[in-house]
Amino acid sequence: MKDKNNLGPVVGSIDGHDIQANQLQRKGWSWGNGYNTPSDGADTNAGQQPVRKLTKDAKSIVIFWSRSGSTKLLASQIAKRTGSDILEIVLDHPYPANYQQTLHRANRERRTNQPPRLKMSLPDLSQYETVYLGYQTLAMTLSQPMKAFLLAYGQQLRNKVIAPFLTEGDYGAGDSVDWLREYTGAAQIQQPLVVDGNWVDESVRNVDR
Ligand SMILES: Cc1cc2nc3c(=O)[nH]c(=O)nc-3n(C[C@H](O)[C@H](O)[C@H](O)COP(=O)(O)O)c2cc1C
């Protein structure tokens, strides 16, 4: 397998785009709950365009954001198994490659209640019955990019079935599902699929369940 940008080998693909996920190389104590995980400084998109796969017939769509690739890999597995369309959330300014700087920014965004600005448009979602929402626990809450997305577009998910999936550093989903309810008003929110960020490659059986 290739190793590009020092972010780990290519571990999968999503709509023809390679996926690297640095955390997967760290299975034991060295993982450190995701601490110090670097990224490409472009929210996984340094070498390619964000994923935007929209078809006429799909009844479900995977909407996700990922900084270091783990949630992107989980998104790819779910999209393949469900035949879903895919929409990647894109920020105006991606998170830094450096972990500490990223933590500083995520904490500031949470503290000041100023989630990042988006740089994307929303397609017409009327054909979809189910929306798989992929995010991560960052700074002990729903990641700020997903919060930004839901603040902008959450009400358009009100009448959908929401199926959340997230990766985290072993501290769990926290209060994130409550926020999904708050921002979408959706009546049907399924139990979230929660996977440690360094075990996504082993999670295929969870996805099937
Ligand atoms: C800035 C930052 C803050 C994080 N805060 C938490 C946290 O509060 N709780 C937790 O369980 N994991 C936390 N993590 C770990 C991430 O949730 C985990 O690494 C996740 O798999 C990253 O997803 P991604 O590879 O799709 O970006 C944090 C990671 C980063 C980069």
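For clarity, every value in this text was computed on a predicted model and none was experimentally measured.

Rules of the game
- Residues numbered from 1 in each chain as written.
- Predicted model: local features only at pLDDT ≥ 70, side-chain atom pairs only at ≥ 80, totals over all residues.
- Heavy atoms only, no water.
- Near = heavy atom within 4 Å.
- Polar contact = N/O pair within 3.5 Å; in protein donor to acceptor, adjacent residues only side chain to side chain.
- Areas by Shrake-Rupley, 256 points an atom, 1.4 Å probe, with all protein chains shown as cover.
- Helix = DSSP H or I, 4+ residues; strand = E, 2+ residues; numbered from the N terminus.
- Buried < 20%, exposed > 50% of the residue type's maximum accessible area, 1.4 Å probe, protein only.
- Contact = heavy atoms within 4.5 Å.
- Phe/Tyr/Trp six-rings, centres within 6.5 Å; stacked < 30°, edge-to-face > 60°.
- Lys NZ or Arg CZ within 6 Å of the ring centre and 35° of its normal.
- Core = buried A, V, L, I, M, F, W, Y, C linked by side-chain atoms within 4.5 Å.

Trainee: Any chance you could explain the site of the ligand here in plain terms?
Mentor: In the vicinity of the ligand there are 21 residues, among which Ser 66, Ser 68, Thr 71, Thr 137 and Met 140 approach most closely. Here Gln 23 contributes a side-chain N or O atom positioned 2.9 Å from an oxygen atom of the ligand. Measuring from a nitrogen atom of the ligand, one finds a backbone N or O atom of Ala 139 at 2.9 Å. Here the ligand has 640 Å² of accessible area as a free molecule, and 95% of this is covered by the chains.

Trainee: When you look at the environment of Tyr 183 in this model, what are you seeing that I'm missing?
Mentor: Checked against the element boundaries, Tyr 183 lands in helix α4 (residues 176-184). Exposure remark for Tyr 183: the relative accessible area of 12% places this residue in the buried category. Along the sequence, Tyr 183 and Gln 100 sit 83 residues apart, while their C-alpha atoms lie 28 Å from each other. Sequence-distant contacts of Tyr 183, defined by excluding residues within four places in its chain, comprise Leu 142, Lys 147, Leu 150, Leu 151, Gly 154 and Gln 155.

Trainee: Would you take a moment to explain the packing of aromatic side chains for this structure?
Mentor: What describes a pair of aromatic rings is the distance from one ring centre to the other and the angle between the planes of the rings. Inspection of every chain in the model, using the stated rule, returns four aromatic pairs. One Lys or Arg, Lys 27, reaches over the ring of Trp 199 and ends 4.5 Å from the middle of that ring. For Arg 105, the ring lying beneath its charged end belongs to Tyr 95, and the centroid distance is 3.9 Å.

Trainee: Got a minute to help me understand the nonpolar core in this structure?
Mentor: One broad rule of soluble globular proteins: the nonpolar side chains tend to lie buried together. Formed by 31 residues in total, the largest nonpolar core has its most connected members in Ile 63, Leu 133, Met 146, Phe 149 and Leu 150. Broken down by secondary-structure element, the contributors of at least two residues to this core are β4 (60-64), β6 (130-138), α3 (144-153), β8 (161-168) and α4. No other element matches the four residues that α3 contributes to this core. Listed in part, the 20 residues of the second largest apolar core include Ile 19, Phe 64, Ile 86 and Tyr 132.

Trainee: So what exactly am I meant to see when it comes to α3 here?
Mentor: Because an α-helix packs 3.6 residues into every turn, residues spaced three or four apart end up facing the same way. With eight of 10 residues buried, α3 is to be regarded as a mostly interior element. Among all positions of α3, only Gln 144, Pro 145, Met 146, Lys 147, Ala 148, Phe 149, Leu 150 and Tyr 153 are buried. Lining the buried residues of α3 we find β4, β5 (85-88), α2 (99-111), β6, β7 (141-142) and α4.

Trainee: I'm lost on unusual backbone geometry in this one. Help?
Mentor: For residues that are not glycine, phi is negative in most cases, and the peptide bond is trans in most cases. Unlike most non-glycine residues, Asp 43 shows phi in positive territory, near 50 degrees. Counting through the fold element by element, Asp 43 comes out in the loop between β2 (17-20) and β3 (52-53). One non-glycine residue, Thr 44, lies in positive phi territory at about 75 degrees. By secondary structure assignment, the location of Thr 44 is in the loop between β2 and β3. Its relative accessible area of 12% is what places Thr 44 among the buried residues.

Treat this as a map of the structure, not an account of what it does.
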